[in-house]
Amino acid sequence: MYSHFVTRLSKLSPHQEKLKNSIDMSDIEKDSVVMLQKKLYWILYGILFLLLPLNAPLEYWDDSVLSAVFVIGFLRYLIVLHASWLIESAIGVWGLKPGEKSPPDSNTVFIITKTFWPHYHYLIPYDYKSGEYGTYDCGCSTAFIRVWAALGLATKLRTFETKTIQKALIDSVHTNQDLKVCLKSALSQQKLQEEHYLQRDIFSQS
């Protein structure tokens, strides 16, 4: 209960505020597309999250306004919100503790095997891939980035191969070293296969 609710209502400590302010966001702030999305966030939120979803049951299912608002609006938002919260709160309660061993060669959902996948983007923020399941390279966001890369609008993509991540996890468990240190070491030894997506000419020339 504490990790799921109370932490959402608590203000950041001075130390957390200091750490937050120390994050270099200059690359994001220079991205005109991201800044446009930030500027228009609430307008897009109202259209894409509220108006369009509510239009479907009213237009095509002959549903009532009250029913659509409660089910498509409130209930859907409640489920999505708590599902996203659960990722962080559950890993805080049931996740791996420092030095604790867990099968490092498994990518099953963390609740079953307690892997590190919810921390993926915190540990490796520069990996363009968004899917932490299976081979770490599936998902709509990943496909979307690849489309933009093919159009030349996304460049200098970087990634971790599954085997590299697994090696870092194994080294961290066996040596009790910090996972970030093991990830950095494993990345320095990583060699992408010739058929790898990022080995294509469009990326090797960028």
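Thresholds applied
- Residues numbered from 1 in each chain as written.
- Predicted model: local features only at pLDDT ≥ 70, side-chain atom pairs only at ≥ 80, totals over all residues.
- Heavy atoms only, no water.
- UniProt positions renumbered as here; feature names shortened; annotations may be inferred.
- Helix = DSSP H or I, 4+ residues; strand = E, 2+ residues; numbered from the N terminus.
- Polar contact = N/O pair within 3.5 Å; in protein donor to acceptor, adjacent residues only side chain to side chain.
- Buried < 20%, exposed > 50% of the residue type's maximum accessible area, 1.4 Å probe, protein only.
- Core = buried A, V, L, I, M, F, W, Y, C linked by side-chain atoms within 4.5 Å.
- Contact = heavy atoms within 4.5 Å.
- pLDDT = per-residue confidence, 0-100.

Chemist: What exactly am I supposed to notice about the UniProt feature "transmembrane region" (unreviewed entry) in the protein chain here?
Modeler: Feature annotation in UniProt places "transmembrane region" (unreviewed entry) on residues 40-58 and 64-87, given in this structure's numbering. Regarding residues 40-58, the helix share stands at 95% and the strand share at 0%, and the terminal C-alpha atoms are separated by 26 Å. Each end of residues 64-87 is marked by a C-alpha atom, and these two atoms are 34 Å apart; helix forms 96% of the span and strand 0%.

Chemist: Explain the environment of Ser67 to me, please; I cannot follow it from the model alone.
Modeler: Along the chain, the position of Ser67 falls in helix H6 (residues 65-94). A distance of 3.3 Å separates polar atoms of two side chains, one belonging to Ser67 and the other to Asp63.

Chemist: What exactly am I supposed to notice about the environment of Leu179 here?
Modeler: Looking at where Leu179 falls in the secondary structure, it is placed in helix H11 (residues 179-188). You can call Leu179 buried: its relative accessible area is 9%. Sequence-wise, Leu179 and Leu123 are 56 residues apart; in three dimensions their C-alpha atoms are separated by 8.2 Å.

Chemist: Just checking my understanding: could you explain the nonpolar core for this structure?
Modeler: Burial of nonpolar side chains together is a common tendency in soluble globular proteins. Core analysis: the biggest nonpolar cluster contains 10 residues, these being Tyr120, Ile124, Phe160, Ile165, Ala168, Leu169, Leu179, Cys182, Leu183 and Ala186. Going through the elements one at a time, helix H10 (162-175) and H11 are the ones with two or more residues in this core. The dominant element in this core, judged by the number of residues it contributes, is H11, at 4 residues. If sequence neighbours within four positions are ignored, Ala186 has contacts with Thr164 and Ala168. Listed in part, the 6 residues of the second largest apolar core include Tyr128, Ala149, Ala154 and Leu198.

Chemist: Explain the confidence of the model for the protein chain here, please?
Modeler: Parts of the prediction with low pLDDT should not have their coordinates interpreted in detail. In the predicted model, the protein chain carries a mean pLDDT of 78, and 78% of its residues have values of at least 70. For the protein chain, helix H7 (residues 110-113) is the element with the lowest average pLDDT, namely 47, and helix H4 (residues 32-39) is the one with the highest, namely 91. Predicted confidence for residues 104-112 stays below pLDDT 50, and this span has 23 contacts to residues more than four positions away or in other chains.

Chemist: Is there a simple way to explain unusual backbone geometry in this structure?
Modeler: Glycine aside, residues mostly have negative phi angles, and peptide bonds mostly take the trans form. Even without being glycine, Asp62 reaches a positive phi, approximately 55°. Relative to the helices and strands, Asp62 resides in the loop between helix H5 (41-60) and H6. The exposed category is assigned to Asp62, whose relative accessible area is 72%. Positive phi values are uncommon outside glycine, yet Lys156 reaches one of about 55°. Summarising the element assignment, Lys156 is placed in the loop between helix H9 (140-150) and H10. With relative accessibility at 67%, the residue Lys156 sits in the exposed group.

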